[in-house]
Amino acid sequence: MISSLNLDPLIDQARRTHSSALCVMQGGHTLVDDTCGSRDPVETMSVTKAVLSLIVGRAVTLGHLPGPDVPVAEFYPEWRQGRRAQVTLRHLMTHTSGLQNVPAASEEIYPSPDFVQLALCAEFQHAPGTAFSYNNKAVNLICGVLRRATGQHADDFARAELFGPLGIHAVTWARDAAATPHGMSGLSLHARDLARLGHLTLRGGEKLITSDWIHASTRPATPLTARMGLLWWTWHPQATYTVTDAHVQHLRDAQASPAQIAALTGLRGTYPHHVFHARMAEVGFDPTQVPAGTRWLHEDSGPRRGWCHDGWLGQYLVVDAEADLVAVRLIAADQPGAGSAGSDWPDFTDDVFALIR
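Residues numbered from 1 in each chain as written. Predicted model: local features only at pLDDT ≥ 70, side-chain atom pairs only at ≥ 80, totals over all residues. Heavy atoms only, no water.

Would you mind showing me how to read empty space enclosed by the protein here?
Leftover empty space is mapped by rolling, across the atoms, a probe with the size of a water molecule. Inspection of every chain in the model, using the stated rule, returns three cavities of 30 Å³ or more. Of the pockets and cavities examined, the largest cavity occupies roughly 70 Å³. Partitioned by chemical class, the residues of the lining of the largest cavity number six nonpolar, four polar and three charged. If you add up the space inside the second largest cavity, you get close to 50 Å³. (1 Å grid on protein atoms, 1.4 Å probe; cavity = no way out; pocket = protein on both sides within 12 Å on 5 of 7 lines; lining within 4 Å. Points joined across faces, edges and corners; volume = space filled by probe spheres on them. Nonpolar A, V, L, I, M, F, W, Y, C, P; charged D, E, K, R; others polar.)

In structure tokens, the structure reads:
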């Protein structure tokens, strides 16, 4: 299988889209390690969340945490009342905590001097476990839990217990003004090292993380969506998406903006995965502006092929369990062309799937 892959189109597209780095591994062998001229680690943006899942898994393996269903109140006694007492680590890791969240992190999270305290003080939009809503604020609280469970900040714990044993040393991780590493983002790595972490999941944790954790975190971990593991997205490259008149009505009922209602009206129809996101951009539909819990589409996921995560500007980590393959693409914020049309490489996951299709 390794020799049959035609990697040239992927490499060419990496250069056309101003990539800072591209790495492809299969069967533990590195097939591509192209830095595209960049020598420094690159900020992985929200792909940090997938690595955070591994760090939590290492803490569970070492006995610092009992598992994902531990209440957050075990570490923050002030949460032992009301809805807060119901919130578990699983809720934080599956974006189902119900905590109030502003989708744009720049509006509320980055200006805060203490990301963990911001999450601890948040009100509830929904009861815990009743609605899925991507939540950077809640994810940041995981780093607080790790600090209290392990006695170390998440980045220091990771260097000692995960990165170090794997030989990963070129690591930086942004911290807030309270000296806590961000959970939602902030981790900078070389593409080859991020691919190595992806390969770790294909090998069942390689004795650093229990295979039970890898299995649980890379498969559906909440009944509210088949796409969410424990901070990993499950990967279904043959998924199709359908928007109907009923979905548009749901958006109206949720009192979404007229612009978003009009955009969703223009999105009605059924689309394969590689068309849907381009079509959303064409009509101007922004899913981050949809009120939490609103059913605005139907997804037929098709077969699960692996797991993945992506991040702002076009950071990608894709793990193809069927082909024993890991693909990483990174683009630095200061890379010439970053942020321009197409540089986010929205078809990256489809292009990876095309390698073995």
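So much for the structure itself; the text now carries on.
What should I look at first to understand the pattern of salt bridges in this one?
If the charged atoms of two oppositely charged side chains come close together, the side chains can form a pair. The final tally for this structure, using the stated rule, is 15 salt bridges. Its salt-bridge partner being Asp34, residue Arg15 comes within 2.8 Å of it at the nearest N-O pair. Here Arg15 is found in helix α1 (residues 8-16), whereas its partner Asp34 is found in strand β2 (residues 29-34), with 19 residues between them in sequence. By relative accessible area, which is 52% here, Arg15 ends up exposed. A relative accessible area of 16% places Asp34 in the buried class. Salt-bridge contacts for Asp156 lead to Arg159; the nearest nitrogen and oxygen are separated by 3.6 Å. Residue Asp156 and its partner Arg159 are both found in helix α7 (residues 154-163); the two are separated by three residues, about one turn of the helix. On the accessibility criterion, Asp156 (33% relative accessible area) is partly exposed. Among the charged side chains, a network of salt bridges with common partners joins Asp155, Asp156, Arg159 and Arg175. (Salt bridge = Lys/Arg side-chain N within 4 Å of Asp/Glu carboxyl O. Helix = DSSP H or I, 4+ residues; strand = E, 2+ residues; numbered from the N terminus. Buried < 20%, exposed > 50% of the residue type's maximum accessible area, 1.4 Å probe, protein only.)

Please explain α1 as it appears in this structure.
Counting along an α-helix, one turn takes 3.6 residues, and residues three or four places apart therefore face a common direction. Every buried residue belonging to α1 is among Leu10, Ile11 and Ala14, and all of these are buried. End-on, the buried residues of α1 take up no more than an arc of 100 degrees, which puts them together on one face. Against β1 (21-26), β2 and α13 (348-356) lie the buried residues of α1. Downstream of α1 by a residue or two, His18 has a phi angle that is positive, lying close to 65 degrees. (Arc of directions from axis to C-beta. Contact = heavy atoms within 4.5 Å.)

What is the right way to look at the sheet that holds strand β7 (residues 240-243) in this model?
In a beta sheet, neighbouring strands are held together by backbone hydrogen bonds and run either parallel or antiparallel to one another. In space, the three strands of this open sheet follow the order β8-β7-β9, with antiparallel pairing throughout. The open sheet terminates on both sides in strands that have one partner only, identified here as β8 (269-272) and β9 (298-300). Across this sheet, the average inter-strand angle for adjacent strands is 20 degrees, counted without regard to direction. Pairing of β7 with β9 involves three bridges; the strand directions are antiparallel. Bridge pairing in β9 places Thr242 opposite His298. (Pairing = 2+ DSSP bridges. Axes fitted to C-alpha atoms, helices over the stretch in contact; angles between N-to-C directions.)

Even after reading the chapter, I still don't get the nonpolar core, so can you show me in this structure?
Burial of nonpolar side chains together is a common tendency in soluble globular proteins. Leu65, Ile142 and Leu162 are the most contacted members of the largest nonpolar core, which has 70 residues in total. Ranked by size, the runner-up nonpolar core spans 22 residues in total, among them Leu7, Met228, Ala323 and Ala327. (Core = buried A, V, L, I, M, F, W, Y, C linked by side-chain atoms within 4.5 Å.)

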